[in-house]
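# Structural features, examined
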Amino acid sequence: MIDRREFGQLLGGTALAAASPRWIAAPALAKGGAKVVIVGGGAGGGTVARIIKTEAPQIDVTIVEQRPIYTSCFNSNHFFGGFRSFASLQHSYDGLKKLGINVVTDTATGIDAGKKAVNTAVGTTLPYDRLVLSPGIDFKYDAIEGYSAAASEIMPHAWKAGPQTLLLMRQLEAMEDGGVVIMTVPGNPYRCPPGPYERACMIAHYLKTHKPKSKLVIFDAKPTFSKQGAFEEAFERYYAGIIDLNLTNEIDDFRVVRVDPKAMQVETASGTKLKGAVVNVIPPQTAGAIAISAGCAEGAWCPIKPENFASAKVDGVYVIGDAAIAVEMPKSAYTANSHGKVVAADILAALAGSDPAIPRYRNTCWSLLAAEDSIKIGADYTPGEHDGKQILVPDHPFVSQKGETAEVRRKNYAEGLAWYHAIIADAFNDNTALTHKG
Ligand SMILES: Cc1cc2nc3c(=O)[nH]c(=O)nc-3n(C[C@H](O)[C@H](O)[C@H](O)COP(=O)(O)OP(=O)(O)OC[C@H]3O[C@@H](n4cnc5c(N)ncnc54)[C@H](O)[C@@H]3O)c2cc1C
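Just so you know, these numbers come straight off a predicted model, no measurement behind them.

## Points about the sheet that holds strand β6 (residues 108–112)
- Pairing is antiparallel across the open sheet formed by three strands, whose spatial order is β6-β7-β8. Each edge of the sheet is formed by a strand with only one pairing partner; in this case those strands are β6 and β8 (125–127). Strand-to-strand twist of the sheet, defined as the mean angle between neighbouring strand axes without regard to direction, takes the value 20°.
- Judged from the three bridges that link them, strand β7 (residues 117–120) and β8 form a sheet pairing that is antiparallel.

Okay, structure coming up:
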């Protein structure tokens, strides 16, 4: 049993408060045999599973994850810059299995919320008392004419890490010096707001050090972006003449609306056409398909209750990580991990028969600009109201500025590496990330 003080510790000193829905009676959990099923064994899902199983081994915890090995998107841009090996991004589920978590390598194909069961591709039915959906993202392929899953084998997105990451790197390696690399960036919201600009730095670093006559042209659907000042300073300082950034403005709409994979050409809304030797299309995104088919979405994303990430649409289901729309929290691994901690505590609260914790969420996103030069953005978040809507209100926000010293940036870099180690330990029960070079 977990008491109030222990819950506080679990959430890093968070105070406790009353009034949150309970979907299963505490005695049912206390007797053991309660079933928690988690769809998606990534940054969010792995965290929920590990905490619940560690704190309450009597709970039957199952992860349904379609891939046998997880390749982290976070830090995957470092691979393009030569700062990380591909192998160092890959993590097995052995650590979670060792805790007694049932990791099922299968695809969840449907949720029967009435019967409280998850159906899978191989025909298994998994009953649950509580269900957590953390399936990440899927792509709105139809938002860009000519783009599709098949086209992504020619113009990779590399926005789900794995074979796509390797494909983009192999294309960069095969390109001749003097080639044009094109990157297309969607409008908000999407997975990892600063991710495209970190990737721009890492690709440009590769070009600068291996193919200095080459260029990276960015077509961006937005007029502004995350950590813009510090990123633009880095584009100028490290990658002048390589990165050509085209932000949408009053005159030009640089949203890419059409691609031709045969001709390796992209076309923007205002009619600019350009051919590239390598084309990295980051398409607009939606919540992972399973969350949408479960009825949890409104439009592309899944609204949640800010106090505990319970679905605002379907009882007995939590939606966390990128699939959730959690205004004003961005979509990041850090936030998915933070949602996961609160959800685990909310589920465990029923077991303890205690009041659920007051949730406190946090985000920090580090971006690597060049060797040992990282910037960061972040905030704490608490549930609150804005314009009559329940949202997550940022508190103590911070963002890296232009002109910071090399020492500050080196410290950021070290923090980012330490965070990678910590989140892999948290989500995969694997403490080897810091030392594993792959
Ligand atoms: C290039 C890039 C760089 C990034 N850098 C950072 C960074 O520096 N810091 C940061 O905090 N975040 C970063 N992110 C964002 C981060 O990767 C995501 O926000 C995070 O992974 C979201 O966690 P999640 O649990 O929602 O989804 P994921 O971690 O993607 O996990 C979802 C899992 O669900 C599985 N799944 C989906 N559907 C099903 C199904 N039907 N059945 C079974 N399994 C299913 C998937 O296989 C996947 O393993 C970056 C992203 C990108 C693309």
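Okay, back to it.
## Some words on the side chain of Ser-152
- For Ser-152, the location among the structural elements is in the loop between β10 (137–139) and α6 (163–174).
- Under the relative-accessibility criterion, Ser-152 is labelled buried at 3%.
- A polar contact is formed between the side chain of Ser-152 and the backbone oxygen of Ala-149, at a distance of 2.6 Å.
- Sequence-distant contacts of Ser-152, defined by excluding residues within four places in its chain, comprise Tyr-141, Tyr-147, His-157, Gln-164 and Leu-167.

## Comments concerning the packing of aromatic side chains
- This structure, assessed with the given rule, holds 19 aromatic pairs.
- A centroid spacing of 6.2 Å and a plane angle of 50° characterise the contact between Phe-225 and Phe-231, whose relative ring orientation is tilted. You'll find Phe-225 and Phe-231 in the same group, each marked buried.
- For the ring pair Phe-231 and Phe-235, a centre distance of 6.2 Å and an interplane angle of 45° mean the geometry is tilted. Taken together, the positions of Phe-231 and Phe-235, both in helix α8 (residues 228–239) and four residues apart, correspond to about one turn of that helix. With respect to class, Phe-231 is no different from Phe-235; both count as buried.
- Lying over the aromatic face of Tyr-420, Arg-84 brings its terminal NZ or CZ to 4.2 Å of the ring centre.
- In this structure, Lys-331 packs its charged tip against the face of Trp-301, placed 3.9 Å from the ring centre.

## Remarks on the environment of Trp-419
- Relative to the helices and strands, Trp-419 resides in helix α11 (residues 406–428).
- Classification of Trp-419 as buried rests on a relative accessible area of 14%.
- As a C-alpha pair, Trp-419 and Tyr-334 span 85 residues in sequence and 8.7 Å in three-dimensional space.
- If we skip the residues at most four places from it in the chain, Trp-419 touches Phe-74, Ala-333, Tyr-334 and Trp-366.

## Topic: unusual backbone geometry
- Between Asn-188 and Pro-189 the backbone carries a cis peptide bond, its omega angle lying at -5°.
- With respect to the helices and strands, Pro-189 occurs in the loop between β11 (180–185) and α7 (195–210).
- Phi at Asn-75 is positive, roughly 75°, even though this residue is not glycine.
- With respect to the element layout, Asn-75 can be found in the loop between β3 (70–71) and α4 (76–81).
- Overall, the relative accessible area of 10% leaves Asn-75 in the buried class.

## Quick word on the pattern of salt bridges
- Inspection of the entire model under this criterion finds 21 salt bridges.
- Note that Arg-67 is salt-bridged to Glu-65, the shortest N-O span being 3.9 Å.
- With a relative accessible area of 8%, Glu-65 lands in the buried category.
- Two residues, Lys-222 and Asp-220, come together in a salt bridge whose shortest N-O distance is 3.0 Å.
- Residue Lys-222 is classed as buried on the basis of its relative accessible area of 5%.
- Using a relative accessible area of 0% as the deciding quantity, one classes Asp-220 as buried.
- A single salt-bridge network, built from bridges that share partners, covers Glu-233, Arg-237, Asp-373, Glu-404 and Arg-409.

## A few points about the domain arrangement of the protein
- Looking at the protein, the domain boundaries give domain 1 (4–66 + 106–138 + 287–359) and domain 2 (140–285).
- A separation of 34 Å is found between the C-alpha centroids of domain 1 and domain 2.
- Approximately 780 Å² of surface area, both sides summed, lies buried where domain 1 meets domain 2, with 60% of it carried by carbon and sulfur atoms.
- For the pair domain 1 and domain 2, the number of links is two salt bridges.
- Residues Arg-191 and Asp-322 are paired through a salt bridge, measuring 2.5 Å at the closest nitrogen-oxygen approach.
- Across the side of domain 1 that touches domain 2, the residue classes tally to five nonpolar, one polar and three charged.

## Quick notes on the sheet that holds strand β23 (residues 373–386)
- In space, the three strands of this open sheet follow the order β22-β23-β24, with antiparallel pairing throughout. In this open sheet, the two edge strands, each paired with only one partner strand, are β22 (361–370) and β24 (389–399). Averaged over neighbouring strand pairs, the angle between their axes works out to 25° when direction is ignored.
- Taken together, the nine bridges between β23 and β24 define a ladder with antiparallel strand orientation. Its bridge partner lying in β24, Tyr-381 is registered against Pro-394.

## Considering the site of the ligand
- Lining the immediate surroundings of the ligand are 35 residues, of which Glu-65, Tyr-70, Ser-134, Arg-191 and Asp-322 lie closest.
- Tyr-70 is positioned such that a nitrogen or oxygen atom in its side chain is 2.5 Å from an oxygen atom of the ligand.
- Here the ligand, which alone exposes 990 Å², has 96% of that area covered by the protein.
- Broken down by secondary-structure element, the contributors of at least two residues to the shell around the ligand are α3 (43–55), β2 (60–65), α4, α10 (333–352) and β22.
- When residues in the shell around the ligand are grouped by element, the largest group, three residues, is from α10.
- Residue assignment places the shell around the ligand across two domains, with domain 1 (4–66 + 106–138 + 287–359) and domain 2 (140–285) each supplying three or more.

Cut-off values and rules
- Residues numbered from 1 in each chain as written.
- Predicted model: local features only at pLDDT ≥ 70, side-chain atom pairs only at ≥ 80, totals over all residues.
- Heavy atoms only, no water.
- Pairing = 2+ DSSP bridges.
- Helix = DSSP H or I, 4+ residues; strand = E, 2+ residues; numbered from the N terminus.
- Axes fitted to C-alpha atoms, helices over the stretch in contact; angles between N-to-C directions.
- Buried < 20%, exposed > 50% of the residue type's maximum accessible area, 1.4 Å probe, protein only.
- Polar contact = N/O pair within 3.5 Å; in protein donor to acceptor, adjacent residues only side chain to side chain.
- Contact = heavy atoms within 4.5 Å.
- Phe/Tyr/Trp six-rings, centres within 6.5 Å; stacked < 30°, edge-to-face > 60°.
- Lys NZ or Arg CZ within 6 Å of the ring centre and 35° of its normal.
- Salt bridge = Lys/Arg side-chain N within 4 Å of Asp/Glu carboxyl O.
- Domains from an automatic or database assignment.
- Buried area = accessible area lost by both parts, 1.4 Å probe.
- Nonpolar A, V, L, I, M, F, W, Y, C, P; charged D, E, K, R; others polar.
- Near = heavy atom within 4 Å.
- Areas by Shrake-Rupley, 256 points an atom, 1.4 Å probe, with all protein chains shown as cover.

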